[in-house]
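Single-letter residue listing:
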Amino acid sequence: MSALDNAFKELRRIHKKFDIEGSFEKNGQANAKWPQTLPRSSETDYFYDFCEPVDVEIETGLTPIRFFSLDALEDGQVGYKWAGESNKTELNGNWPAQHLVFMDDIGGGKPVIAVTDIPGTPVLASYDAIAPFKIADSLADFLLAFAKTVEIVHGKFDIFDIYDDDDELSSKFVKLLNKEVGPLLGEENYQRFFDYFYG
């Protein structure tokens, strides 16, 4: 799990460096508190044991995104695993059983999904009700790429300066993201990662 440990270290460093809301905590509660209705993998267990996001909401320059803590994980599946306002009683028949939403836009509708039945726990994303698409080969790759993206957005562009005066993404921002984040994910995953966050 050294790749995950490295990703956790980067997440915590960026979180502290920019004084971002919430905390990443080493609570060791995944086994005790994991909702029985939800899928899990060794990577999701490791993440929630050693780096549980508690009230973490991060500005990406376009829209804030939040991580779900163990306590919020089950509610985070509403509209995905469970049909809309079904009060977590009616399963969405089109939602794959092994998909776990662990992040979402603060308004919902842009899930980041861990695929729990594939080694490494690949990460998918979706928006506007389109079919989920892969943005990282593993949870570790995703967390590392996300941490680097946040560092660029907050550290080099003061969050909202990723846009130029014409409300277009700054070419400097795009080039830096291509250079720093692209190699962490591979070209195809990176293009979809970029599309999810800034497309």
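Note: the structure precedes this text.
Since the structure is predicted, the reported quantities are computational estimates derived from the model, not experimental observations.

### Let's talk about the nonpolar core
One broad rule of soluble globular proteins: the nonpolar side chains tend to lie buried together.
Alright, step 1. Phe67, Phe102, Phe142, Leu143 and Phe146 are the most contacted members of the largest nonpolar core, which totals 63 residues.
Alright, step 2. The biggest single contributor to this core is helix H5 (residues 139–155), with 10 residues.

### Notes on the side chain of threonine 63
Alright, step 1. Along the chain, threonine 63 turns up in the loop between strand S3 (57–59) and strand S4 (64–67).
Alright, step 2. The buried category is assigned to threonine 63, whose relative accessible area is 18%.
Alright, step 3. A distance of 2.7 Å separates a polar atom in the side chain of threonine 63 from a polar atom in the side chain of aspartate 105.
Alright, step 4. In contact with threonine 63, other than residues within four places in its own chain, are Ile58, Asp105 and Lys110.

### Some details on the environment of aspartate 5
Alright, step 1. When you line up the elements, aspartate 5 lands in helix H1 (residues 2–17).
Alright, step 2. Spatially, the C-alpha atom of aspartate 5 lies 13 Å from that of glutamate 52, the residues being 47 residues apart in sequence.

### So, the sheet that holds strand S8 (residues 133–136)
Alright, step 1. Strand order in the open sheet made by the six strands is S3-S4-S5-S6-S7-S8, with antiparallel pairing throughout. The sheet is open, and its two edges are formed by S3 and S8, each paired on a single side. Geometrically, the sheet is characterised by an average inter-axis angle of 35° between neighbouring strands, direction not taken into account.
Alright, step 2. As paired elements, strand S6 (residues 112–115) and strand S7 (residues 123–125) share three bridges and run antiparallel to each other. If you follow isoleucine 113 over to S7, its bridge partner there is leucine 124.
Alright, step 3. Of the strands in this sheet, S3, S4, strand S5 (99–105), S6, S7 and S8 are in contact with H5, which crosses S3 at around 50°.

### Focus: the environment of proline 132
Alright, step 1. One can find proline 132 in the loop between S7 and S8.
Alright, step 2. Excluding its chain neighbours within four sequence positions, the residues that come into contact with proline 132 are Ile113, Leu124, Ala125 and Ser126.

### A closer look at a negative patch on the surface
Alright, step 1. Together, Asp164, Asp165, Asp166, Asp167 and Glu168 give the surface a local cluster of negative charge.
Alright, step 2. Topologically, aspartate 166 is positioned in the loop between H5 and helix H6 (171–180).

### As for the pairing of S6
Alright, step 1. Across the two faces of S6 the burial is the same, with Val112 and Ala114 and Ile113 and Val115 all buried.
Alright, step 2. Relative to S6, S5 is paired through four bridges, and the arrangement is antiparallel. By the bridge assignment for S6, valine 101 is matched with isoleucine 113.
Alright, step 3. Where S5 folds back on S6, the antiparallel hairpin that results is connected by six residues, among which glycine 108 adopts a positive phi of roughly 80°.

The rules behind the values
Residues numbered from 1 in each chain as written. Predicted model: local features only at pLDDT ≥ 70, side-chain atom pairs only at ≥ 80, totals over all residues. Heavy atoms only, no water. Core = buried A, V, L, I, M, F, W, Y, C linked by side-chain atoms within 4.5 Å. Buried < 20%, exposed > 50% of the residue type's maximum accessible area, 1.4 Å probe, protein only. Helix = DSSP H or I, 4+ residues; strand = E, 2+ residues; numbered from the N terminus. Polar contact = N/O pair within 3.5 Å; in protein donor to acceptor, adjacent residues only side chain to side chain. Contact = heavy atoms within 4.5 Å. Pairing = 2+ DSSP bridges. Axes fitted to C-alpha atoms, helices over the stretch in contact; angles between N-to-C directions. Patch = residues over 30% accessible without salt bridge, like charges linked within 9 Å, V, L, I, M, F, W, Y side chains within 5 Å. Areas by Shrake-Rupley, 256 points an atom, 1.4 Å probe, with all protein chains shown as cover. Salt bridge = Lys/Arg side-chain N within 4 Å of Asp/Glu carboxyl O. Lys, Arg positive; Asp, Glu negative; His and termini not counted. Charge placed at Lys NZ, Arg CZ, Asp CG, Glu CD.

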